[in-house]
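Geometric and topological summary
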Amino acid sequence: MVSAVAGVLPACDGDETLVDPPPEGTDCAANEMRLVDGSCLAVGVPPDRCGDGFVTDEVGGCVAILPETPCPLGLMALPGETACREVAPCGEGPFPDLPPEALAAAQYVDASASAAGDGSVTQPWQTMGEALSAAATGAVIAVAAGTYGDNLVLSDKAVRIWGRCPALVELRGAASEPTLNIYTEAANGTEVRGIAITGGQIAVAATGVRGLVLDRVWIRDGATVGAYFADDLGQPEVLIRDSLLEANSGYGVFGRAALVTIERTVVRDTAFIGDDFFGYGILVITPSDGAEGSLLLRTSLIERNHGHGVQVNGAPATIDAVLIRDTLPLPDQSLGRGLGALNDTERSGGLLLTGSVVERNHEVGIYVAAVSATIETTVVRDMFAVNPVLPNGAGIVAQQDPVVALPTELTVRSSLVERTALSGIQSSGASVRVESTVVRDIASASLDGSGGRCVALQYHTITGVLPTGELTAVWLTGCRDFGLAMISGGATVVGSRIESVLPRAADGLFGDGIMVAAGNHPSMGPFEAHLLLSGMVVRESSRAGVTVFGAAVTIGDSAVECNPFDLDGESYLGRDWSVDDLGGNRCGCGDEIACKVVTSSLEPPAPP
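A brief structural summary. (Residues numbered from 1 in each chain as written. Predicted model: local features only at pLDDT ≥ 70, side-chain atom pairs only at ≥ 80, totals over all residues. Heavy atoms only, no water.)

**Overview of the pairing of strand β28 (residues 308-313)**
Taken across its six residues, β28 has six buried, putting it largely inside the fold. Inspection of the sheet shows strand β26 (residues 280-285) paired to β28 by four bridges, in the parallel sense. Its bridge partner lying in β28, L283 is registered against Q311. Pairing analysis gives five bridges linking β28 to strand β30 (residues 337-342), with the strands arranged parallel. When the bridges of β30 are listed, N313 appears paired with L342. (Buried < 20%, exposed > 50% of the residue type's maximum accessible area, 1.4 Å probe, protein only. Helix = DSSP H or I, 4+ residues; strand = E, 2+ residues; numbered from the N terminus. Pairing = 2+ DSSP bridges.)

Structure follows, in structure tokens:
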């Protein structure tokens, strides 16, 4: 029952014309939402815009093409491949096939050869070190099958080290230093291909070298880092392609002020070994006093790492057609993020993520702070809750950094967020724009049973920075707690649909399609909130279609239907509510009644 009528929307009063109900006709497709005028609009990832190696799931998302079971040690599969395979084929001859122009200067190496070799194909060197000493700049060092116990240093010239294949050629270094160490400008253009690089304090290290190529290599068992690129002697530039990095410790790939490109590569099973060696798959950072690093990551698989699958800090990143999954939390049950883009150095940073899938991670699928991030044609799904103290399991989180003054700006376009435990898209003091996107089935499955909001906008509890939001053609369905929750700030929602919002699992409270509330920062005082709704459908909420707690809402050309309370206004924090009608609204549930705002003493949300 409505306990009190606080107001009647003017445009719905008396004989004012209501929006026509949806026309009769066939249902919308599974990836389409029905708009207020009855038409259907496709949202989520368009079927033809899944990334390379991914296919549409026909309901607004994409799934990776991969083998059904994980690949064993030494084998890999990229998105688009259905069977596990070697990193590179081994060929028939004892040495790799060389191009004709490389034959004259080539140096040959075979671990089973006699110690009296001269580097020819018939009398090869026994060690890679001998071949490196004899090789001219730009020469190919052709390596036969065998295990080579060298800690190899390349510093005075550029060479091409080509092994027969990573399954048969292993460079294994002592644990006290890098197995392969490449540095200085003299080594610019070095290429390492077709070998396994294992052991060492670091498996591969590079500084001050440009044009370094690691091609079809298998990097494993680095004691603290698999591949380490840093600016100790100048900014390095490196390309890793068609490679496998696995079972390293500390970091799979670490770049400091490095220009890192990774293509068609698998990075997996990086182990946590202690403080500062967290087990991240890929970490690229820009130091406060160094050159700006960057990451270009394409058509790759990042899985079963710790802490972060991928993190960039102050380094711009472009990521396309990548699957980031199964990131594990640290031993204290913190983190477990798929992708993090942040900035604690006041450098520019930034993220462009397209055509990718981030799934089955833990604390957060994608986390951004103090950067501008754009996420397009991407799926974020199945985020688990693992921390028994802090609620977690969010899809995308954008947060104002409490120290760095740079703004946080997030755009999510033509994407899907589904089946997360705490929230779908969450802003804490960030500017958020969401377009043509579906957020659905947010489970309220965090360990304390709280949450389940599809989209949540709130002020930052430390800095007091207010959120802003622009939601256009967004479909929120199957949420708990609130479909859209806004505590302070300003936002607009246009041409969107919010439906089937359930109470949260912890205590059965709430279940509102849209909730907008004033905020009250403990030290900064009260914050206003205003929400503009236009061309909206808000249906079948468990408690109320739209609730207004001490805030202001403007609504026009919208349908708020089939909710126990369609529109509810409550005084809150000493503030009155207001609802400004722009006309063309309808309420009820098949009976088209005048839209009235009631005051029903509904429970307000807890402060952030």
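**Quick notes on the side chain of H308**
Tracing the sequence through the fold places H308 in strand β28. There is a polar contact of 3.4 Å between the side chain of H308 and the side chain of Y280. Look past the residues within four positions of H308 in its chain and what remains in contact with it is Y280, G281, T327, L335, R337, G338, L339 and G340. (Polar contact = N/O pair within 3.5 Å; in protein donor to acceptor, adjacent residues only side chain to side chain. Contact = heavy atoms within 4.5 Å.)

**Examining unusual backbone geometry**
Glycine aside, residues mostly have negative phi angles, and peptide bonds mostly take the trans form. Even without being glycine, R216 reaches a positive phi, approximately 55°. Here A321, not a glycine, exhibits a phi torsion of approximately 55°, which is positive. Tracing the backbone through its elements, the reader meets A321 in strand β29 (residues 317-325).

**Here's the deal with the pairing of strand β49 (residues 529-534)**
Judged by which residues are buried, β49 turns out to be one-sided: A529, L531 and L533 face inward and are buried, whereas H530, L532 and S534, on the alternate face, are not. The pairing of strand β44 (residues 489-494) with β49 spans six bridges and is parallel. Bridged to G490 within β49 is H530. In this structure, β49 lies alongside strand β52 (residues 552-556), joined through five bridges in parallel fashion. Opposite H530, over in β52, you have A552 as the bridge partner.

**Some remarks on the state of the cysteines**
Disulfide: a covalent bond connecting the sulfur atoms of a pair of cysteines. For the structure shown, the criterion picks out seven disulfides. The disulfide partner of C71 is C84, and the S-S distance across this bridge is 2.1 Å. Classification of the bridge connecting C71 and C84 rests on its S-S torsion, roughly -95°, and on that basis the disulfide is left-handed. Remark: C84 occurs in the loop between β6 (75-76) and β7 (85-86) and C71 occurs in the loop between β5 (62-64) and β6; sequence separation between them is 13 residues. On the basis of relative accessibility, which here comes to 28%, the residue C84 falls in the partly exposed class. Residue C587 pairs covalently with C595 via a disulfide, S to S 2.2 Å. Its S-S torsion of about 110° marks the bond between C587 and C595 as right-handed, since a negative value means left-handed. (Disulfide = S-S within 2.5 Å.)

**Some details on the environment of T411**
Mapped onto the elements of the fold, T411 is located in strand β37 (residues 409-413). T411 gets classed as buried once you look at its relative accessible area, which sits at 10%. Separated by 266 residues in sequence, T411 and A145 place their C-alpha atoms 50 Å apart. Discounting residues that sit within four places of it in the chain, T411 has contacts with A373, T374, I375 and R433.

**Points about the packing of aromatic side chains**
Enumeration according to the criterion identifies nine aromatic pairs in this entry. For the ring pair Y251 and Y280, a centre distance of 5.6 Å and an interplane angle of 85° mean the geometry is edge-to-face. Of this pair, Y251 sits in strand β23 (residues 251-256) while Y280 sits in strand β26, and the two are 29 residues apart along the sequence. Since its relative accessible area comes to 6%, Y251 is described here as buried. Given a relative accessible area of 6%, Y280 falls into the buried group. Put simply, the rings of Y228, Y251, F254, F277, F278 and Y280 touch in pairs and so form one group of aromatic residues. Between R220 and the ring centre of W218, over which it is positioned, the NZ or CZ distance is 4.0 Å. (Phe/Tyr/Trp six-rings, centres within 6.5 Å; stacked < 30°, edge-to-face > 60°. Lys NZ or Arg CZ within 6 Å of the ring centre and 35° of its normal.)

**Some words on the pattern of salt bridges**
A side chain of one charge can pair with a side chain of the opposite charge when the charged atoms of the two come close. Within the structure shown, the criterion is met by 37 salt bridges. Between R172 and E170 there is a salt bridge, with its nearest N and O atoms 3.2 Å apart. Look at R172 and you get partly exposed, because its relative accessible area is 35%. Here E170 falls in the buried class, since its relative accessible area comes to 13%. Of the charged contacts, one joins R419 and D382 as a salt bridge, the two residues approaching to 2.7 Å between their closest N and O atoms. On the criterion of sequence distance, the pair formed by R419 in strand β38 (residues 416-420) and D382 in strand β35 (residues 379-383) is long-range, its members being 37 residues apart. (Salt bridge = Lys/Arg side-chain N within 4 Å of Asp/Glu carboxyl O.)

**Details of the nonpolar core**
As a rule of thumb, soluble globular proteins bury nonpolar side chains together. Formed by 116 residues in total, the largest nonpolar core has its most connected members in L214, F229, I282, L295, L410, I425 and L531. Leaving out residues up to four positions away in the same chain, I282 has contacts with V253, I262, V267, L295, L297, I302, G309, V310 and Q311. (Core = buried A, V, L, I, M, F, W, Y, C linked by side-chain atoms within 4.5 Å.)

**Side note on the side chain of T477**
Relative to the helices and strands, T477 is located in strand β42 (residues 468-477). Overall, T477 belongs to the buried group, its relative accessible area being 16%. Setting aside residues up to four positions removed in sequence, T477 forms contacts with V439, R440, D441, C454, E499 and S500.

**Description of the environment of E528**
Note that E528 resides in the loop between β48 (525-527) and β49. The exposure class of E528 is exposed, given its relative accessible area of 59%. Distance in space between the C-alpha atoms of E528 and A552 is 8.3 Å, their sequence separation being 24 residues.

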